[in-house]
Amino acid sequence: MSAWREDKLWKEQKRFIIATAAFGFFFPLLFFLFFDLLINFFSFLLIIILPTLFLGFVLLKSIETHRGFLDTLRDYCTFIPIHYAEGESLLERRFNATYALILTNVFVHYAIELLGPHFRELVESYFACLPDHLEIWNVALSPLTAMFLHGDAEHLWGNMVFLWIFGLVLERRIGWQKFLLIYFVTGLFSSIIPPYLHLVLFQDWYSALGASGAISGIMGAFAFRLFYKRMVFPFPILGLFSLLFGLNLKVRINSLMLIMTYFFFDFLGSLFQLSGVSVGIDYLGHLSATLLGMYLASRLKFEDVAMEEMMLERALTAVDEKGNNQLAEKYLQLILEKNPERWEAMVPLARIKNRFGPTEEGERLYLKAISLLIDREPEKAAEIFAEYFGLYHRPLEAPKQYLLTEILEKLGKYGLAARALEILADDPATPEAWRPRILYRAARLLEKQEFYEAACYRYEQLLQKYPDFKEAEKIRFKLERLKTVRSDTTWLSYVKKASGGGSVSVS
């Protein structure tokens, strides 16, 4: 965060973060007071009038925006009954640490259930923390084993839903190693501290079990790493539509505010625990794990990247929703000042620079983004190149363009790949060591697209300039065959098709 502390924009965001956290902490008091008034005095309004007014609003909005009623309704309503991070997929293509933890917890719970209630009692008496049957080995092991034990199915699935919602998004940002580090450190801490603290204060112990401490740690790290993220909270305020069809209003709420709301309940529950009241939930474990998760996130220096992502998200929102290119440009330039290799900021900034036509600054940004990605994310580099070529009609340097050609082929952009290689082949500045390979690759691409006349021209050009090319005999044989093939595709249609650019979305 040190890179951002002296910046005026960061100071503004810091005030916003503090205000959001404070409001989130006290929000439950205000909410339940207001909601209690609504339930007691305006129940008819909630059930009949409010849903009718809402549907009327959606209808007017769909007419105003020239969109379908159902498309507009999707912007404001959801059938998903749980809160989730807006703009984030709830599924992951690859198996990851979050899925592994969920499957392990589910497997352990139902494996114990299958062996009967007596076996469950035996397992909990030895492996919960603190265990009823004290042995040296299980006192040491129980903080870990307790994290994979749950009281019942409701306890299990409640925890797994929260792990799924917050874990997937956080793991995408920080990687599985740091994710597991936070999960197990906060989980072990929350398994050990509250039971032992209770033992010291009240000379009595209770056995703690469940993954909720570790998940609270993940939520604490989430609040630190993704404090800017908006969560969609399904609110059943649509009366009969919510009751009969499960249709809920999308209430968008800042993730930090939401987590601080949960923190408030944990804080309140912890006070009861510390006063000796039996509450049945280990609120103190949740509270301590959330704070430790935040601490670990700060020690792992998540905040600099979080600030960059927030600025990037706000810049894209400024362009997409408000059309404010000036504000977006300010955010994007600030990101690149702090991190000159943040390609996600380069591409949208290049688009802003080119909004009135191609510019040198825009070209420089595109080329730098492609250079950064060509080795580590070649498919993304190819997509950005397609956008760049559509504007500038210029290829990359010979080695980079040749490397990118294979990726363009995989993406099905044969015309783009061939046209870029042809421009390189005809450019006097192209190194001679690369020219024969470029000509051969371009000819093969033209042949693949059935532009036989263009392919023959490039093959003949290659043989004329480089008669000793290693594939010369193969090319001569191919030329004889191609000359007998007639194509309905003209050279003009090829050039028109191949010169067309593409576009890439960066989020």
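Residues numbered from 1 in each chain as written. Predicted model: local features only at pLDDT ≥ 70, side-chain atom pairs only at ≥ 80, totals over all residues. Heavy atoms only, no water.

> Please clarify how the overall build of the protein should be interpreted in this entry.
A tally of regular secondary structure across the protein gives 22 helices and four strands. Looking at the protein as a whole, 47% of its 507 residues are labelled buried. Here the analysis covers contacts within the protein between residues at least 6 apart in sequence; of these, 68% occur between residues at least 24 apart. (Helix = DSSP H or I, 4+ residues; strand = E, 2+ residues; numbered from the N terminus. Buried < 20%, exposed > 50% of the residue type's maximum accessible area, 1.4 Å probe, protein only. Contact = heavy atoms within 4.5 Å.)

> Please clarify how the nonpolar core should be interpreted in this entry.
Counting 116 residues, the largest nonpolar core has Tyr183 and Phe385 as the members making the most contacts within it. The element that contributes the greatest number of residues to this core is helix 7 (residues 153-202), accounting for 11 residues. If near-sequence neighbours (up to four positions away) are discounted, Tyr183 is found in contact with Leu101, Asn105, Met147, Leu163, Ala211, Ala214, Ile215 and Ile218. (Core = buried A, V, L, I, M, F, W, Y, C linked by side-chain atoms within 4.5 Å.)

> Even after reading the chapter, I still don't get the packing of aromatic side chains, so can you show me in this structure?
The geometry of an aromatic ring pair is captured by two quantities: the separation of the ring centres and the angle between the planes. Within this structure, the stated rule accounts for 18 aromatic pairs. A ring pair is formed by Tyr126 and Trp137, whose centres lie 6.3 Å apart and whose planes are at 15 degrees; its orientation type is stacked. Within this pair, whereas Tyr126 is found in helix 5 (residues 117-127), its partner Trp137 is found in helix 6 (residues 136-145), the two being separated by 11 residues in sequence. For Tyr126, a relative accessible area of 24% corresponds to the partly exposed category. (Phe/Tyr/Trp six-rings, centres within 6.5 Å; stacked < 30°, edge-to-face > 60°.)

> How do you make sense of the environment of Tyr414 when you look at a structure like this?
Relative to the helices and strands, Tyr414 is located in helix 18 (residues 414-426). According to the relative accessible area criterion, Tyr414 is partly exposed, its value standing at 29%. As a C-alpha pair, Tyr414 and Leu446 span 32 residues in sequence and 8.0 Å in three-dimensional space. Residues in contact with Tyr414, not counting those within four places in the same chain, are Glu409, Leu445, Lys448 and Gln449.

> Even after reading the chapter, I still don't get the sheet that holds strand 1 (residues 77-78), so can you show me in this structure?
Sheet strands pair by backbone hydrogen bonding; their relative direction is either parallel or antiparallel. One open sheet accounts for four strands, arranged 1-4-3-2; its pairing is antiparallel. Edge positions in the sheet fall to strand 1 and strand 2 (84-85), since each has one partner strand and no second. The pairing of strand 3 (residues 230-235) with strand 4 (residues 248-254) spans six bridges and is antiparallel. The partner of Phe235 across the bridge, within strand 4, is Leu249. Seen against the sheet, helix 10 (residues 255-274) touches strand 3 and strand 4 and runs at an angle of roughly 95 degrees to strand 4. (Pairing = 2+ DSSP bridges. Axes fitted to C-alpha atoms, helices over the stretch in contact; angles between N-to-C directions.)

> What exactly am I supposed to notice about the pattern of salt bridges here?
Pairing between side chains of opposite charge can happen when their charged atoms approach one another. Tallied over the entire structure, the rule returns 28 salt bridges. Across the salt bridge formed by Glu329 and Lys353, the nearest N and O atoms sit 2.8 Å from each other. Of this pair, Glu329 sits in helix 13 (residues 325-338) while Lys353 sits in helix 14 (residues 343-353), and the two are 24 residues apart along the sequence. Owing to a relative accessible area of 18%, Glu329 belongs among the buried residues under this scheme. Take Lys353: its relative accessible area is 23%, and that puts it in the partly exposed class. (Salt bridge = Lys/Arg side-chain N within 4 Å of Asp/Glu carboxyl O.)

> Quick question: what am I supposed to make of the packing of helix 8 (residues 212-225) against helix 10 here?
To characterise two packed helices, one gives the angle between the axes of the helices and the distance between these axes. Where helix 8 contacts helix 10, the two axes come as close as 9 Å, and the packing angle between them is 145 degrees. The two elements helix 8 and helix 10 meet at a crossing, and its hand is left-handed. Listed contacts from helix 10 to Met219, Phe222 and Ala223 of helix 8 are Ser255, Leu256, Ile259 and Tyr262. Taken together, the residues of the contact of helix 8 with helix 10 sort by class into six nonpolar, one polar and no charged. (Left-handed = near helix turned anticlockwise from the far one by under 90°. Nonpolar A, V, L, I, M, F, W, Y, C, P; charged D, E, K, R; others polar.)

> I tried to follow the confidence of the model for the protein on my own but got confused; where do I start?
Detailed reading of predicted coordinates is not advised where the pLDDT is low. Averaged over all residues, the pLDDT of the protein equals 84, while 85% of them reach at least 70. Here residues 1-6 scores under 50 on pLDDT; set against residues more than four positions off or in separate chains, the count is 17 contacts. Residue range residues 486-493 is modelled with pLDDT below 50. Its contacts to residues more than four positions away, or to other chains, number eight contacts. (pLDDT = per-residue confidence, 0-100.)

> What am I meant to see in the pairing of strand 3 here?
Looking along a regular strand, one sees the side chains alternate between the two faces of the sheet. Here two bridges tie strand 2 to strand 3, and the two strands are oriented antiparallel to one another. What sits directly across from Tyr84, in strand 3, is Val232.

> In this structure, what is going on with helix 15 (residues 360-373)? I would like to understand it.
Owing to its 3.6 residues per turn, the α-helix brings residues three or four apart onto one side. In a regular helix each residue adds 1.5 Å, so 14 residues correspond to 20 Å; helix 15 covers 20 Å between its end C-alpha atoms and thus fits that length. Where helix 15 is concerned, the buried positions are Gly362, Glu363, Leu365, Tyr366, Ala369, Ile370, Leu372 and Leu373. On its buried face, helix 15 is in contact with helix 13, helix 14 and helix 16 (378-392). (Expected span 1.5 Å × (residues − 1).)

> What is the right way to look at the pairing of strand 4 in this model?
Among the seven residues that make up strand 4, five are buried, leaving the element largely enclosed by the rest of the structure. Relative to strand 4, strand 1 is paired through two bridges, and the arrangement is antiparallel. Note on strand 4: the bridge partner recorded for Cys77 is Leu249.

> I would appreciate a short explanation of a nonpolar patch on the surface in the present structure.
On the surface, Phe189, Ile192, Ile193, Tyr196, Leu197, Leu201, Phe202 and Leu274 cluster together into a nonpolar patch covering about 600 Å² of accessible area. No other element matches helix 7, which puts seven residues into the nonpolar patch. With respect to the helices and strands, the residue Phe189 is situated in helix 7. With relative accessibility at 31%, the residue Phe189 sits in the partly exposed group. (Patch = residues over 30% accessible without salt bridge, like charges linked within 9 Å, V, L, I, M, F, W, Y side chains within 5 Å. Areas by Shrake-Rupley, 256 points an atom, 1.4 Å probe, with all protein chains shown as cover.)

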